[in-house]
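Residues per chain, in single letters:
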Amino acid sequence: VCCGDSGGQLVFIGLKGANFREVAYAPIPTGPERLTPDILALSKRLDNQIEAAVKRGGEWATEDDSQGYALIRDPSARKTQLQLRKWALEHQALAVAVVDRSSNVDHRRIASEALGYVQRSTAQLSALVRAARDADGDVRNNATRALSVLARADAALVSSIDPSVFIAMLNSGIWSDRNKAAALLAQITAAREPALLEKLRSQAWDSLVEMSSWRRPGHAVFARFILGRLAGVDEVKLRVAAMAGPDFFSNLPAPDR
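Residues numbered from 1 in each chain as written. Predicted model: local features only at pLDDT ≥ 70, side-chain atom pairs only at ≥ 80, totals over all residues. Heavy atoms only, no water.

### A word on the layout of surface pockets
Then, in step 1: Of the volumes computed, that of the largest pocket is approximately 1,900 Å³.
Then, in step 2: Around the largest pocket, the lining comprises 48 residues; the ones closest to its centre are Cys2, Ile50, Val54, Arg145 and Lys180.
Then, in step 3: Per-element accounting of the lining of the largest pocket gives the leading share, eight residues, to helix 6 (residues 137–153).
Then, in step 4: Residues that form the lining of the largest pocket fall into these classes: 17 nonpolar, 17 polar and 14 charged.
Then, in step 5: Of the volumes computed, that of the second largest pocket is approximately 520 Å³.
Then, in step 6: Surrounding the second largest pocket, 21 residues form its lining, Phe12, Ile13, Gly14, Trp175 and Trp214 being those nearest its centre. (1 Å grid on protein atoms, 1.4 Å probe; cavity = no way out; pocket = protein on both sides within 12 Å on 5 of 7 lines; lining within 4 Å. Points joined across faces, edges and corners; volume = space filled by probe spheres on them. Helix = DSSP H or I, 4+ residues; strand = E, 2+ residues; numbered from the N terminus. Nonpolar A, V, L, I, M, F, W, Y, C, P; charged D, E, K, R; others polar.)

### Here we look at the pattern of salt bridges
Then, in step 1: For the coordinates displayed, the defined rule picks out 18 salt bridges.
Then, in step 2: Two residues, Arg145 and Glu63, come together in a salt bridge whose shortest N-O distance is 2.8 Å. With a gap of 82 residues between them, Arg145 in helix 6 and Glu63 in strand 1 (residues 63–64) connect regions that are remote in the sequence.
Then, in step 3: Given a relative accessible area of 32%, Glu63 falls into the partly exposed group.
Then, in step 4: Residue Arg120 is joined to Asp154 by a salt bridge in which the shortest nitrogen-to-oxygen separation is 3.4 Å. Placement of the pair is Arg120 in the loop between helix 4 (105–114) and helix 5 (122–131) and Asp154 in the loop between helix 6 and helix 7 (164–169), with a sequence separation of 34 residues.
Then, in step 5: We classify Asp154 as partly exposed; its relative accessible area is 23%.
Then, in step 6: Each of Asp106, Arg109, Asp136 and Asp138 takes part in one network of salt bridges that share partners. (Salt bridge = Lys/Arg side-chain N within 4 Å of Asp/Glu carboxyl O. Buried < 20%, exposed > 50% of the residue type's maximum accessible area, 1.4 Å probe, protein only.)

### Description of the environment of Phe12
Then, in step 1: For Phe12, the position within the fold is in the segment before helix 1 (37–56).
Then, in step 2: Classification of Phe12 by relative accessible area gives partly exposed; the value is 34%.
Then, in step 3: Spatially, the C-alpha atom of Phe12 lies 8.9 Å from that of Ile174, the residues being 162 residues apart in sequence.
Then, in step 4: Ignoring sequence-local partners within four residues, the contact set of Phe12 consists of Val1, Trp175 and His219. (Contact = heavy atoms within 4.5 Å.)

### A few points about the nonpolar core
Then, in step 1: Counting residues in each nonpolar core, the largest one holds 71 residues, and the members touching the most others are Phe166 and Leu170.
Then, in step 2: If we ignore the near neighbours within four places in the chain, the residues touching Phe166 are Ala132, Thr144, Leu147, Ile161, Ala181, Leu184 and Leu185. (Core = buried A, V, L, I, M, F, W, Y, C linked by side-chain atoms within 4.5 Å.)

### Looking at the side chain of Asn141
Then, in step 1: Relative to the assigned elements, Asn141 resides in helix 6.
Then, in step 2: For Asn141, a relative accessible area of 16% corresponds to the buried category.
Then, in step 3: Looking at Asn141, its side chain comes within polar contact range of the side chain of Lys180, at 3.2 Å.
Then, in step 4: Residues in contact with Asn141, not counting those within four places in the same chain, are Ser176 and Lys180. (Polar contact = N/O pair within 3.5 Å; in protein donor to acceptor, adjacent residues only side chain to side chain.)

### With respect to helix 5
Then, in step 1: Considered for burial, the residues of helix 5 that qualify are Gln124, Leu125, Ala127, Leu128, Val129 and Ala131.
Then, in step 2: Next to the buried residues of helix 5 lie helix 3 (92–101), helix 4 and helix 6.

### Brief notes about unusual backbone geometry
Then, in step 1: The backbone of Arg192 shows a phi angle near 55°, a positive value even though the residue is not glycine.
Then, in step 2: Considering the arrangement of structural elements, one finds Arg192 in the loop between helix 8 (175–188) and helix 9 (194–212).
Then, in step 3: Residue class for Arg192 comes out partly exposed when judged on its relative accessible area of 23%.

### Regarding the environment of Leu71
Then, in step 1: Position of Leu71 among the secondary structure elements: in strand 2 (residues 71–72).
Then, in step 2: Distance in space between the C-alpha atoms of Leu71 and Glu22 is 34 Å, their sequence separation being 49 residues.
Then, in step 3: Setting aside residues up to four positions removed in sequence, Leu71 forms contacts with Thr62, Glu63, Asp64, Arg78, Gln81 and Leu82.

### Details of a nonpolar patch on the surface
Then, in step 1: A cluster of nonpolar side chains, Val11, Ile13 and Leu15, forms an exposed patch at the surface whose accessible area comes to about 410 Å².
Then, in step 2: Position of Val11 among the secondary structure elements: in the segment before helix 1. (Patch = residues over 30% accessible without salt bridge, like charges linked within 9 Å, V, L, I, M, F, W, Y side chains within 5 Å. Areas by Shrake-Rupley, 256 points an atom, 1.4 Å probe, with all protein chains shown as cover.)

Here you go:
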């Protein structure tokens, strides 16, 4: 994936260790639904612009999620994202149909990203949660990332998101499943709802411990927040510890089995 602190590529190798669990993804769709040529071209342009901005680094790669959809600081990419927003608002039904039923994985990938830019609604949330179970990792990545952005922008939406599939993704052998599920669950667990914390404690503790030890803080921080909440760590103390390194989290007491 792009990019490291120095601008280079990062390689993640997923080995099926003791905390791996098979995730039940949805069947591959077989429908004829397809996106329009204009959004295909726009998506390709946006991918190139975002990659260039990330490689450039600094403030240009920072993102504003306050509107409920991603807007990067880089002016060229931001302009294209706003064009994506316009297309999505006008073609929401098509985007939902494609992500639910299209046999073309590239079109499902683009549609899942576009769904993050449609009008905020329960229909949007439902479509994104369904897309988060897609057989393709990029579709799941786009949909789960969009849900995370929505949750950051509007905490009231959190209660409408079923966390079950995302807890399962924490035990996946695919890095993007773990990374994006942790980003979303870091938002969902902020209220420290006891039943949710108990599910995470019983179903994903070992995976969260492993993820909290990832060397790059930007990738490990979500798991550290979740793990600290499971252990009852004060939120202020947790915010400091999450960015400091893995040592604090590797020493947390494991839950009773």
